[in-house]
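Each chain is listed here by its residues.
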Amino acid sequence: MKTRLSVLYFLQFAVWGCYLTCFGQFLGAGGLGADIAWFYAAIGLVSIITPSLFGRLADRTRRPETLLGACHLAAALLMFVMWRYGMTHTRLEFRIFYPLYLGFLAFYMPTMALANTSSFGLLTQRGYSTISAFPSIRIWGTIGFIAAMWFVNSAYWAQGSLGFAFRDSDPAAHLRFQYNAMQLLCSGILGISTAVYSFMLPRLKPSRERADANSQSSADSPILLLKKMLFGKKEMTLFLIFVIFSGVCLQISNGFATPFINHFMAFREYADSFASGNATMLFSLSQIAEASFVLLVGISLKHMGIRGVYAIGLAAWGLRFLTLATGNPGDGLWLLIASMLIYGIAFNFITIAGHLYIQQIAPANMKGFAQGLMMFLSNGIGATFGTVAAGAIVNSNCHWELIELPAGNARMGLFMGNWETPWLIFAAYAFAIALAWLILYRKSPIRK
């Protein structure tokens with residue numbers, strides 16, 4: 001079962017890895033550079049609604065694995081439509097492309113919580129401890145994300161054949177999938193594969209505890225469930241509030257780190273550096289670090305509790321943004337690399353730890369709803385407002401320009417300007433939230 005779930009997470013996150021970190025560069029090239037923040041905020045907008053709805057549906061039907069496959073199938077079909085539109089239009093229209101993307105996310109984002117609900121249920125059904133077993137399964141999602149990033153970073157399609165390039169001086173370098181709509185095709189193909197695989201998972205059998213709880217409170221409305229989760233205990237309420245604040249950090253680097261690294265291609269001293277020409281691959285170090293540190297989550301929760309783990313995660317977000325502010329592909333390359341490695345702590349000690357913690361404290365008949373609520377608060381409210389605010393800050397300091405590349409003979413749209421100021425603002429925010437968490441959150445319960 002652990003192997004089957006590991007394959008599920010590999011495919012699940014490979015769908016996202018194909019486009020998430022290089023989507024901004026594609027949007028900029030298609031004339032939507034000023035709207036990058038809204039595309040990454042769309043993740044939050046959708047997460048406000050659909051994950052909790054599908055989570056509640058999973059609780060009532062007790063078939064999260066079936067819903068998981070259906071959502072992946074619908075999302076993949078919409079991704080194919082997006083790819084076709086991107087291939088046939090050199091200039092993307094916001095009024096057409098954005099609704100398509102919202103539709104894709106409406107079905108894809110619930111799969112995060114549904115995969116967690118299915119996995120936790122199947123592991124518990126077979127006698128595994130979720131805290132001990134889940135991190136080693138979840139790590140394969142990160143590996144899938146990395147594999148997809150490496151592929152779209154280097155692959156290109158020219159004259160009916162597939163090739164790979166790593167330097168901007170390569171004549172076909174500007175055709176790599178990280179710059180065009182082919183990243184969407186890769187995502188769609190993997191989405192279909194994930195849907196088929198999800199339908200093949202074992203059926204989750206409802207436990208006596210869940211069955212009794214569901215029969216006792218089957219009439220509970222989503223609003224009542226929300227009140228129970230938000231106002232059940234003081235420490236739970238405070239934790240969920242900070243889930244929103246931490247969610248602000250989630251999509252900032254996903255949306256802007258790759259265009260930031262790519263903009264160094266305009267400077268002759270960095271023009272043909274491996275880092276500036278392979279921003280997606282450099283960014284994949286973040287996922288490698290995530291995979292490396294994920295196994296520490298369970299151990300850290302047992303020894304430090306959620307208070308210590310969450311404080312370290314928030315401080316790590318601050319360090320990630322600070323190193324981006326001071327790094328470059330030359331003598332500051334070590335700072336860019338450090339930023340990517342720090343992400344492993346920042347992401348795992350906030351997101352993975354949060355999901356494990358909420359799984360433990362949620363009532364038996366609300367675990368699916370609780371996982372959806374986590375997505376609602378972090379990827380929904382937090383990421384939405386955070387990404388929109390971040391986009392306003394970046395756009396006030398940077399703008400898109402069509403640049404003649406010093407290396408090679410191609411022209412490319414790059415996000416030029418003063419990048420140091422935005423990164424420093426984001427770093428100050430994360431450090432402030434970390435301090436507030438330590439001051440306000442005193443209890444640190446976790447079941448050993």
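It should be noted that the structure appears before, not after, this text.
What counts as what
- Residues numbered from 1 in each chain as written.
- Predicted model: local features only at pLDDT ≥ 70, side-chain atom pairs only at ≥ 80, totals over all residues.
- Heavy atoms only, no water.
- Helix = DSSP H or I, 4+ residues; strand = E, 2+ residues; numbered from the N terminus.
- Buried < 20%, exposed > 50% of the residue type's maximum accessible area, 1.4 Å probe, protein only.
- Contact = heavy atoms within 4.5 Å.
- Areas by Shrake-Rupley, 256 points an atom, 1.4 Å probe, with all protein chains shown as cover.
- Expected span 1.5 Å × (residues − 1).
- Salt bridge = Lys/Arg side-chain N within 4 Å of Asp/Glu carboxyl O.
- Core = buried A, V, L, I, M, F, W, Y, C linked by side-chain atoms within 4.5 Å.
- Disulfide = S-S within 2.5 Å.
- Axes fitted to C-alpha atoms, helices over the stretch in contact; angles between N-to-C directions.
- Parallel < 35°, antiparallel > 145°, perpendicular 65-115°, else oblique.
- Left-handed = near helix turned anticlockwise from the far one by under 90°.
- Nonpolar A, V, L, I, M, F, W, Y, C, P; charged D, E, K, R; others polar.
- Pairing = 2+ DSSP bridges.

**Q** Looking at this structure, how should I read the overall build of the protein chain?
**A** When you go through the protein chain residue by residue, the secondary structure sums to 19 helices and four strands. Within the protein chain, buried positions represent 61% of all 448 residues. Considering only residue pairs separated by 6 or more positions, the protein chain has 80% of its internal contacts joining residues 24 or more positions apart. Within the structure as shown, the protein chain displays about 16,800 Å² of accessible surface, and the carbon and sulfur contribution to it stands at 66%.

**Q** Just checking my understanding: could you explain helix α3 (residues 36–47) for this structure?
**A** Every α-helix carries 3.6 residues per turn, so stepping three or four residues along brings you back to the same face. With 12 residues, α3 extends 18 Å from end C-alpha to end C-alpha; this agrees with the ideal 16 Å at 1.5 Å per step. Burial within α3 is extensive, with 10 of its 12 residues counted as buried. All of the buried residues in α3 are Ile36, Ala37, Phe39, Tyr40, Ala41, Ala42, Ile43, Gly44, Val46 and Ser47.

**Q** I tried to follow the pattern of salt bridges on my own but got confused; where do I start?
**A** Opposite charge on two side chains allows them to pair when their charged atoms are near. This structure, assessed with the given rule, holds two salt bridges. Taking the shortest distance from any N to any O, the salt bridge between Glu93 and Arg95 comes out at 2.9 Å. For Glu290, the salt bridge identified is with Arg138, shortest N-O distance 3.1 Å. With Glu290 in helix α15 (residues 279–293) and Arg138 in helix α8 (residues 130–154), this residue pair connects regions lying 152 residues apart in the sequence.

**Q** Explain the nonpolar core to me, please; I cannot follow it from the model alone.
**A** One recurring pattern in soluble globular proteins: nonpolar side chains tend to sit buried together. Core analysis: the largest hydrophobic core is formed by 125 residues, its most contacted members being Trp16, Tyr19, Phe23, Phe97, Tyr101, Phe239 and Trp423. Top contributing element to this core by residue count: helix α17 (residues 333–361), with 14 residues. With residues up to four places along the chain from it excluded, the contact list for Phe23 reads Phe39, Tyr40, Met82, Phe97, Tyr101, Gln183 and Leu184. Among the nonpolar cores identified, the runner-up in size contains 10 residues, and Cys18, Ala148, Ala155 and Cys186 belong to it.

**Q** Just to check I follow, could you spell out the state of the cysteines for this structure?
**A** Such a bond, covalent and formed between the sulfur atoms of two cysteines, is termed a disulfide. All told, the structure shown has zero disulfides when counted by the stated rule. With no disulfide of its own, Cys18 lies 5.1 Å from the sulfur of Cys186, the closest cysteine sulfur. Relative accessible area serves as the criterion here: at 2%, Cys18 is assigned to the buried category.

**Q** Got a minute to help me understand the packing of helix α7 (residues 110–125) against α8 in this structure?
**A** The description of two packed helices rests on the angle between their axes and on the distance between the axes. In the contact formed by α7 and α8, the axes pass within 10 Å of each other and the chain directions differ by 130°. Taken together, the axis directions place α7 and α8 in an arrangement best described as oblique. For α7 against α8, the interelement crossing comes out right-handed. On the side of α7, the interface is formed by Asn116, Ser119, Phe120, Leu123 and Thr124, while α8 contributes Thr130, Ala133, Phe134 and Ile137. For the contact of α7 with α8, the residue count by class is five nonpolar, four polar and no charged.

**Q** What is the right way to look at the pairing of strand β2 (residues 161–164) in this model?
**A** Walk down a regular strand and you will see the side chains alternate between the two sheet faces. Across four bridges, the pairing between strand β1 (residues 155–158) and β2 is antiparallel. Bridging across to β2, Ala158 finds its partner in Ser161. The antiparallel pairing of β1 with β2 creates a hairpin that spans two residues between the two strands, and Gln159 there sits at a positive phi of about 55°.

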